[in-house]
Each structure stands twice: as C-alpha cells, then as structure tokens.
Amino acid sequence: MNNTLRPAPTGGAPGPALGRPVPGARHIVQFSGGIGSWAAAMRVAEEHGTDGLVLLIADSHAEDADLWRFVEETAHHLGVEPVRVADGRTPWEVFRDVRFLGNSRLAPCSLHLKQRPCRRWVEANADPAEATLYVGFDATETRRIPGTVRGWAPWRVRFPMCREPFLTKAEMLQWVRDIGIEPPRLYTWAEHNNCAGMCVRAGQKHWAKLLEHEPGRYAEAERQEEEMRAYLGKDVAILRERRQGVSRPLTLAEHRRRLRAEPRAVPLVERAA
C-alpha cells in the first residue's frame, strides 16, 4: 500500500481551495479521513439519508496518500462526493508565517489549515437556521465538546459517536472492514490518521512509534524542526520533557538519540573547551 505523501486529492500542486457549493446543505460532517469522522458520517446517513449530506474535508497538504484513498472509497460507499477546502499551505509553512513552532499545547496549523477553511465554506454555503454540523468525537473525547460548540456558534453541532451505542476505535475500524473497506494504513500503528503521522499535537510515545514505523518521515520532521529553531533563533521544540520539576524543550533529534541510545551530539564550542 502506498505510504507516500500526496498534497492534494488530484496530485496537483498545493494551493487554496474554496470547495464547491452544495445546494441544500443541511447535514455537514467534518470529514477528516479519520475513523471517527467516518463513523459519524455513517450514523448521520443512517438517520437522515444522504440528501443534503456534505462530507467537508480540509486538506492540510501534509496527509498520507492512503488517507485520500480512504476518503474516496468511503465517500463512494455513501454516494456523496466530498467537498475539499484548503488554505494552500503546509503546516511547516504556517509555522514559519506565524513565527511559532506548533506543539501539543498550541498548534496554529489546525486553526489556519482546518478550522478557518471549513468555517469559510460553512459561512458561504450553510444557513444556521437549516444546517447542522457533525463532529466525530467519541465517548472518550467529551471534554472537547463545549469548546467546539462555542467555536461553531451560531450553527448547531452534534456528536453522533458520543451517544449509544458507544463504539471503541477498534470497533469502528472493524465496522469499516465489515463493509469491505480497508481502514487507513496509519491505524496499523498509530491512534490517529493526522498529517501522515507527523502531527505536532502528539506526544513522545507517538513520535517513538513514528521513528520505528516511518523513520523517513521522522527524519523529515526532525530536519524541519531544526530549520525552524534556526529561523526563530530560539530553543523551541515540538516535544517537551520534565526533569526535576522543570519543563524544557525536547528536540526530535535528542528524542531519537535517546530512543536509539546514540551518543549526544557535542556542540563545537563545548568541544573547543
């Protein structure tokens, strides 16, 4: 199975995409390419049918190619053409533009590449009096509901996977297999299908898995992080660690060295001393 990055469903050069209008849009699913949003779309279709159903997906230009295979196959199964929106930049381009390296506490890539493009489409195409938005949070993510509801006002927001029957992620993955579609390949080792496994919101354990399963992608993220550190001129990193009660940045390079028990790189000034 293809494990390359594909910047856009068509394979074309990255660029902004406003998304096609959908007359009569009433049920708008935030369709991320993850298993939760797919399961939510299935429940919406089962309850309301597919007339007025929109599968709205934000293209970050940093996804695994197999995410788009999954989107295409599941959308075909539902008989609904997905609507793609895009800012046009990659996460790393956003970090440079806003002069901030995303991390687990604050990820400007999500705001610029997902939330804002989707919001623009909804504002242009959906009447708050008629349309409802659906998000694929499951029962373990209910803490995220209040902020999402506030953020999408005045539109109504519903969370189909937060009602009975509750399903685990494993059960959702089996559900999609049962209808004859293979889940996104990243789920063979990762909990999520975000940014080809290089999501800055992830923690040390996830990045350790990325190094094990996708060493080339880890190396690319490590290179990009080093470039951002030089560009900003600051000791910043995607990850953090706490030692003796003090929190400090943990670079991907240092994380890799520890995971592989490699010797620490000694700075030139330290060698000279």
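Scroll up to find the structure.
Residues numbered from 1 in each chain as written. Predicted model: local features only at pLDDT ≥ 70, side-chain atom pairs only at ≥ 80, totals over all residues. Heavy atoms only, no water.

An account of unusual backbone geometry is needed here, citing residue identities and associated values.
A cis amide bond, omega 10 degrees, links Ala153 with the succeeding residue Pro154. For Pro154, the location among the structural elements is in the loop between α5 (145–152) and β5 (156–158). Note the cis peptide between Glu164 and Pro165, where omega equals 0 degrees. Note that Pro165 resides in the loop between β5 and α6 (169–178). A positive phi angle is found at His61, which is not glycine, with a value near 55 degrees. Relative to the assigned elements, His61 resides in the loop between β2 (53–58) and α2 (65–78). Even without glycine at this site, Ala196 takes up a positive phi of about 55 degrees. (Helix = DSSP H or I, 4+ residues; strand = E, 2+ residues; numbered from the N terminus.)

With reference to specific residues and values, describe a nonpolar patch on the surface.
On the surface, Val98, Phe100 and Leu106 cluster together into a nonpolar patch covering about 230 Å² of accessible area. You can see Phe100 is positioned in the loop between α3 (91–98) and α4 (108–125). (Patch = residues over 30% accessible without salt bridge, like charges linked within 9 Å, V, L, I, M, F, W, Y side chains within 5 Å. Areas by Shrake-Rupley, 256 points an atom, 1.4 Å probe, with all protein chains shown as cover. Salt bridge = Lys/Arg side-chain N within 4 Å of Asp/Glu carboxyl O.)

Pulling in residues and values, what's your account of the packing of aromatic side chains?
Aromatic ring pairs are reported here in terms of the distance separating the ring centres and the angle at which the planes meet. As enumerated under the stated definition, the model contains four aromatic pairs in all. Here Phe137 and Phe159 contribute two aromatic rings whose centre-to-centre distance is 5.6 Å and whose plane-to-plane angle is 15 degrees, an arrangement assigned as stacked. With Phe137 in the loop between β4 (132–134) and α5 and Phe159 in the loop between β5 and α6, this residue pair connects regions lying 22 residues apart in the sequence. A residue is classified by how much of its surface remains accessible, and Phe137, at 8% relative accessible area, is buried. With a relative accessible area of 12%, Phe159 lands in the buried category. Centre to centre, the rings of Trp207 and Tyr218 are 5.9 Å apart; their planes meet at 80 degrees, and the pair counts as edge-to-face. (Phe/Tyr/Trp six-rings, centres within 6.5 Å; stacked < 30°, edge-to-face > 60°. Buried < 20%, exposed > 50% of the residue type's maximum accessible area, 1.4 Å probe, protein only.)

I'd love a proper account of the pairing of β2, names of residues and values included.
For β2, the buried fraction is high: six of the six residues fall into the buried class. Pairing analysis gives four bridges linking strand β1 (residues 27–30) to β2, with the strands arranged parallel. Its bridge partner being in β2, His27 is matched across the sheet by Leu53. In the classification by handedness, the crossover that spans β1, the intervening helix α1 (residues 35–48) and the parallel β2 is right-handed. In this sheet, strand β3 (residues 83–85) lies alongside β2 in parallel orientation, the contact comprising three bridges. The residue bridging Ala58 from the neighbouring strand is Val85, located in β3. Following the chain from β2 across α2 to the adjacent parallel β3, one finds a crossover that is right-handed. (Pairing = 2+ DSSP bridges. Right-handed = clockwise from strand over helix to strand, strands pointing away.)

A description of the side chain of Asp59 should follow, citing residues and the corresponding values.
Mapping Asp59 onto the fold places it in the loop between β2 and α2. Of the residues examined, Asp59 reaches a relative accessible area of 1% and is grouped as buried. Within the structure, Asp59 has its side chain in polar contact with the backbone nitrogen of His61 (distance 2.8 Å). (Polar contact = N/O pair within 3.5 Å; in protein donor to acceptor, adjacent residues only side chain to side chain.)

Break down the sheet that holds β2 for me, citing the residues and quoting the values.
Within the open sheet, the five strands sit side by side as β3-β2-β1-β4-β5. Their pairing is parallel. Two strands lie at the open edges of the sheet, namely β3 and β5, each paired on one side alone. Averaged over neighbouring strand pairs, the angle between their axes works out to 30 degrees when direction is ignored. One ladder, built from three bridges, connects β4 with β5; its direction is parallel. The residue bridging Leu133 from the neighbouring strand is Val157, located in β5. Docked against the sheet, α1 engages β1, β2 and β4, running at close to 165 degrees with respect to β1. The strands touched by α2 are β2 and β3; relative to β2, the strand with the most contacts, the crossing angle is about 175 degrees. (Axes fitted to C-alpha atoms, helices over the stretch in contact; angles between N-to-C directions. Contact = heavy atoms within 4.5 Å.)

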